[in-house]
Amino acid sequence: MSSSPMFLGKDLVGLENLSADQIRAILDTAEPFKEISERAIKKVPVLRGKTIVNLFFEASTRTRISFEFAEKRLSADTVNIASTGSSVQKGETLVDTARNLEAMRIDMVVIRHGSSGSAQFLADRIPSNVINAGDGRHEHPTQGLLDILTIRDHRGSVEGLKVCVVGDVLHSRVARSNIWGLTKLGAEVGVCAPRTLLPRDIGEMGVQTFTRVEEAIEWADVLNVLRLQLERMQSGFIPSLREYNRFFGVTRERLDRAGRDILILHPGPMNRGVEIDSDVADGPQSVILHQVTNGVAVRMAVLYLLAGGVPERAEAAKHGE
Amino acid sequence: MASDVSLYTPPGAPLLLRGGRVIDPSAGRDGPGEVLLRDGRIVEVGASLGSPDGVTVLDVTGLVVCPGLIDLHVHLREPGQEHKETIASGARAAAAGGFTAICAMPNTDPPVDDPAAVGYVRAAGLRAAAARVYPCGAVSVGQAGERLTEIGEMIDAGAVAITDDGRPVLTAGLMRLALEYAHTFGIPVASHCEDLTLSRGGVMNEGVVSTRLGLTGIPNAAEDVCIARDLLLAELTGARLHIQHVSTRAGVAMIRAARERGVDVTAEATPHHFTLTDDAVEAYRTDAKVNPPLRTTADRAAVIAGVADGTLDVIATDHAPHHYDEKERAFDDAPFGLVGLETALGLAISELVDSGVIDLSTLVHRMSTAPARAFNLPGGSLAADAPADVTVFDPGARWTVDPAKFRSKSRNTPFTGRELRGRAIYTIVNGRIVHDGAGVTP
């Protein structure tokens, strides 16, 4: 394993351009950071004096808060910028926003933006570290990492596991980060959706395609159930939520028919009764809240590594050494 | 109309082009020869024309002399978006690229949809005193796809074709009327073929690259459905249809089949579609964002084959200038289009001639003779009494694309740093040299 201070490079834009070793190292680095959030005093001095901007051009609650907790528990100074009410809404371009932030001498930017490629765009133009917190339908690498960490926690390893991403794959950055991360670590990945929600030539990304959820469940060891955006119905990709649930919903009955202990993940926020039934989401196979907990640890690991930390020193760094 | 150019570009002194290889596809000529120009007209082409009194002799040894290149598809952005291009800067960029005439698309702000606007474009083109500028008028008022413009009046004011380019003609019903009405006046309808309900917010070709990048794709079918529609309507009406910027393999095949059964159709290939594929979009390069999008290897091969067999009889640039900060955005937010006037000849020679797909005579046909015929323009020929619009180019000159040296006001090209072969040395309009690239490093 490399001990270079630029272990991940300058930025985390996606899992596509990481090696299996780099992904494993991030997950390993997350392990010691998990414990910080269990303490009474949840703060270590790892990023003391660092300035981080959370630049959210799209509404987000969970991802933004998870990043903010990770940053604060590592003692960074953080500023949140949401598009509403900011200069962004007044027509300022992404590049001008970035340059202005840069002029204030920041260290890192966490960006969420509705356009695919926007995180790379920013990373190419400013010297600060850039972390992609979701760009359009492209990637959401920290979500992919926390999904993999959660699967690993429950199954020991992801190698050889069959993981099926069920739902709106077409519009999903989570799906793409899962596909890259899981396949690099040796899992088999499937996708399952009505054909209107499957991207063209998705099979060429090395995944199996299912159009019947029963077959996907029959095949899979793990299901990662995607949120179905309600606007997909308005724009005609599916005729109704009711029909979607009937043919593609992950239900107790369908899981029971498989007769195996299938792990259930969901990146949230859930539409209960649409893509996932409540008795599944709240049932014993669900690790959805564990994903949320792991999210903070994974983001701490990423922040630490991009700030120049090395994986094998994470435990010591926690203690201010 | 051709003589109007004399107002701002008086005919040059009599000029004899000596020592070159003369290519005139309209006469089946390709060989050594001399060309004499006088009073804005071609006087004659011959093996040796002597040294008539008062004639300036231009030594073009080792160069190709051909009828002036004509680009049927450029966006000059004036009126309304002069920060991207003006009619004058576009006409100068055209001359630098070897074009003696260009056709201005009407999707300006406001659009060119009435005779006054057509007259404005024509007058500004004359003042530019570079390449000739022929206006195209809109098909529908405001390019809104609802009712026909005053096509006859626009032709009187100088329009050479009608098109709603930038957008498709929205309904089949309006397209039928446009074809029939334009046919009454003997001009073609140029069609940007795109079914907007299929392209549906797409920003690049739909395929494995768009899937990986998470960008919304535009399927080939968005173009094919509309090409099929327009070919059927041209067949129904007997009118002249010109299909712009063909990018798909099925599109090429349908045009080929339609021409074989007698449909009066001409069609364009752009240098970017015969040179690049959707791989050029990797890393979200907005300079490769163009509509119709760069397609797959199979589509590119079909476009090249279409140029070779004449199905795509016209090479046109779809020159679409944008200011650099408009392209300096996330991919979804950047505008479509790239500049082409100053790289077209080099790309055509490098990609099509050097690779043996077509010979130089066919290249001149696709870039001069065929476009002149498609839009009934003067030129495209070195016959006696034709306009003295001549391009002299060096098919072997090596140069590297450096957008900082473009005459266009815009720099949005995916070809930065690319080494090309072939460039214009002299561009002659109305017998006057409007671009002199001799001894200049491009």
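Residues numbered from 1 in each chain as written. Chains lettered and ligands numbered in written order. Predicted model: local features only at pLDDT ≥ 70, side-chain atom pairs only at ≥ 80, totals over all residues. Heavy atoms only, no water.

## What to know about the overall build of chain B
- Broken down by element type, chain B carries 13 helices and 18 strands.
- Against the 2.2 N^0.38 benchmark of 22 Å for 442 residues, chain B shows a C-alpha radius of gyration of 20 Å, consistent with a compact globule.
- C-alpha atoms of chain B, sized along the principal axes, occupy 65 × 45 × 45 Å.
- Burial analysis of chain B (442 residues in total) assigns 63% to the buried set.
- Restricting to contacts in chain B with at least 6 residues of sequence separation, those with at least 24 account for 76%.
- On chain B, the mean spot of the 39 positive side-chain charges and the mean spot of the 55 negative ones are 3 Å from each other. (Helix = DSSP H or I, 4+ residues; strand = E, 2+ residues; numbered from the N terminus. Rg over C-alpha atoms; globule rule 2.2 N^0.38 Å. Buried < 20%, exposed > 50% of the residue type's maximum accessible area, 1.4 Å probe, protein only. Contact = heavy atoms within 4.5 Å. Lys, Arg positive; Asp, Glu negative; His and termini not counted. Charge placed at Lys NZ, Arg CZ, Asp CG, Glu CD.)

## So, the packing of aromatic side chains
- The final tally for this structure, using the stated rule, is 4 aromatic pairs over all chains.
- Residues Phe210(A) and Trp219(A) carry aromatic rings whose centres are separated by 5.2 Å and whose planes lie at 50 degrees to one another, so their mutual orientation is tilted.
- Its relative accessible area of 9% is what places Phe210(A) among the buried residues.
- Residue Trp219(A) is classed as buried on the basis of its relative accessible area, which comes to 14%.
- Ring plane angle 65 degrees and centroid distance 5.3 Å describe the contact between Tyr181(B) and Phe185(B), whose orientation is recorded as edge-to-face. Of this pair, Tyr181(B) and Phe185(B) both sit in helix H4 (residues 172–185), 4 residues apart, roughly one helical turn.
- One residue, Arg125(A), lies across the ring of Phe121(A), its end atom 3.7 Å from the ring centre.
- Between the NZ or CZ atom of Arg299(A) and the centre of the ring of Phe67(A), over which it lies, the distance is 4.9 Å. (Phe/Tyr/Trp six-rings, centres within 6.5 Å; stacked < 30°, edge-to-face > 60°. Lys NZ or Arg CZ within 6 Å of the ring centre and 35° of its normal.)

## A short note on the pairing of strand S5 (residues 162–166) of chain A
Residue and element names in this part refer to chain A.
- Within S5, 4 of the 5 residues are buried, which leaves the element mostly enclosed by the surrounding structure.
- In this sheet, strand S8 (residues 222–225) lies alongside S5 in parallel orientation, the contact comprising 4 bridges. If you follow Val165 over to S8, its bridge partner there is Asn224. (Pairing = 2+ DSSP bridges.)

## Some words on the nonpolar core
- Ranked by internal contacts, the top residues of the largest apolar core, which has 96 residues, are Phe33(A), Leu74(A), Leu145(A), Ile151(A), Cys164(A), Leu223(A) and Ile264(A).
- Top contributing element to this core by residue count: helix H12 (residues 288–306) of chain A, with 11 residues.
- Apart from residues no more than four positions distant in its own chain, Ile264(A) is found in contact with Leu223(A), Val225(A), Val250(A), Leu255(A), Ile276(A), Val280(A), Gln285(A), Ser286(A), Val287(A) and Ile288(A).
- Judged by nonpolar contacts, the second largest core, of 75 residues, contains Ala128(B), Met175(B), Leu241(B) and Ala424(B). (Core = buried A, V, L, I, M, F, W, Y, C linked by side-chain atoms within 4.5 Å.)

## Let's talk about the interface of chain A and chain B
- Counting residues at the interface gives 25 residues for chain A, matched by 18 residues for chain B.
- Counting the surface lost from both chain A and chain B, the interface buries some 1,700 Å², and carbon and sulfur atoms represent 50% of this.
- Connecting chain A to chain B are 4 salt bridges.
- The salt bridge involving Glu16(A) is made with Arg212(B); its shortest N-O contact spans 3.3 Å.
- At the surface where chain A touches chain B, the tally comes to 11 residue pairs in polar contact (both at pLDDT 80 or more).
- Among the elements of the structure, helix H3 (94–103), helix H4 (118–125) and helix H6 (173–184) of chain A are those that each provide at least two residues to the side of chain A that touches chain B.
- A per-element tally of the side of chain A that touches chain B places H4(A) first, with 3 residues. (Buried area = accessible area lost by both parts, 1.4 Å probe. Salt bridge = Lys/Arg side-chain N within 4 Å of Asp/Glu carboxyl O. Polar contact = N/O pair within 3.5 Å; in protein donor to acceptor, adjacent residues only side chain to side chain.)

## Let's talk about H12(A)
Residue and element names in this part refer to chain A.
- The end-to-end C-alpha separation of H12 is 27 Å, in line with the 27 Å expected for 19 residues at 1.5 Å each.
- A bend of about 25 degrees at Asn294 is the largest found in H12.
- Taking burial as the measure, the 19 residues of H12 include 15 buried ones, the bulk of the element.
- Looking one or two places after H12, you find Gly308, whose phi comes out positive at around 105 degrees. (Expected span 1.5 Å × (residues − 1). Bend = angle between axes of the 7 residues up to and from the residue.)

## Topic: the state of the cysteines
- Counted under the stated rule, the structure contains 0 disulfides over all chains.
- Not engaged in a disulfide, the cysteine Cys192(A) finds its nearest cysteine sulfur in Cys164(A); these two sulfurs lie 5.4 Å apart. (Disulfide = S-S within 2.5 Å.)

## Digging into the side chain of Asp168(A)
All names here are of chain A.
- Mapped onto the fold, Asp168 is located in the loop between S5 and H6.
- Within the structure, Asp168 has its side chain in polar contact with the side chain of His171 (distance 2.9 Å).
- Those residues in contact with Asp168 that sit more than four places away from it in its chain are Leu197, Leu226, Arg227, Leu228, Arg232 and Tyr244.

## Observations concerning the pattern of salt bridges
All names here are of chain A.
- Under the counting rule described, the total for this entry stands at 40 salt bridges over all chains.
- Note that Asp261 is salt-bridged to Arg155, the shortest N-O span being 3.7 Å. Highlighted residues: Asp261 in the loop between helix H10 (252–258) and strand S9 (263–265) and Arg155 in helix H5 (residues 141–155), separated in sequence by 106 residues.
- Since its relative accessible area comes to 53%, Asp261 is described here as exposed.
- Ionic pairing is found between Asp282 and Arg272, a salt bridge with its closest N-O pair at 2.9 Å. Note that Asp282 is positioned in the loop between helix H11 (278–281) and H12 and Arg272 in the loop between S9 and H11, a separation of 10 residues in sequence.
- Note on Asp282: relative accessible area 53%, which makes it exposed.
- Several salt bridges converge on common partners, so that one network encompasses Asp28, Glu31, Lys34, Arg152 and Asp153.

## With respect to unusual backbone geometry
- Cis peptide bonds are those with omega within 30 degrees of zero, and the linkage from Gly268(A) to Pro269(A) qualifies with -10 degrees.
- Relative to the elements of secondary structure, Pro269(A) occurs in the loop between S9 and H11.
- The phi dihedral of Arg77(B) falls on the positive side, at around 70 degrees, and the residue is not glycine.
- Topologically, Arg77(B) is positioned in the loop between strand S6 (69–74) and helix H1 (87–96).
- According to the relative accessible area criterion, Arg77(B) is buried, its value standing at 8%.

## So, the sheet that holds strand S9 (residues 162–163) of chain B
Residues and elements named next belong to chain B.
- One open sheet holds the 5 strands; their spatial order is S9-S10-S13-S14-S15, and the pairing between them is parallel. Every interior strand has two partners, whereas the edge strands, S9 and strand S15 (314–315), have only one.
- When S9 meets strand S10 (residues 189–191), the two strands line up parallel, connected through 2 bridges. Each residue of the ladder has a partner; that of Thr163, found in S10, is Ala190.

## Here's the deal with the sheet that holds strand S1 (residues 51–56) of chain A
Residue and element names in this part refer to chain A.
- Across the sheet, which stays open at both edges, the 4 strands sit in the order S2-S1-S3-S4 with parallel pairing between neighbours. Only two strands of the sheet have a single neighbouring strand rather than two, namely strand S2 (77–82) and strand S4 (129–135). Adjacent strand axes in the sheet meet at a mean angle of 15 degrees, parallel and antiparallel pairs treated alike.
- In the sheet, S1 pairs with S2 via 6 bridges, with the strands oriented parallel. (Axes fitted to C-alpha atoms, helices over the stretch in contact; angles between N-to-C directions.)

Interpretation note: all reported values are geometric properties and have no functional meaning in isolation.
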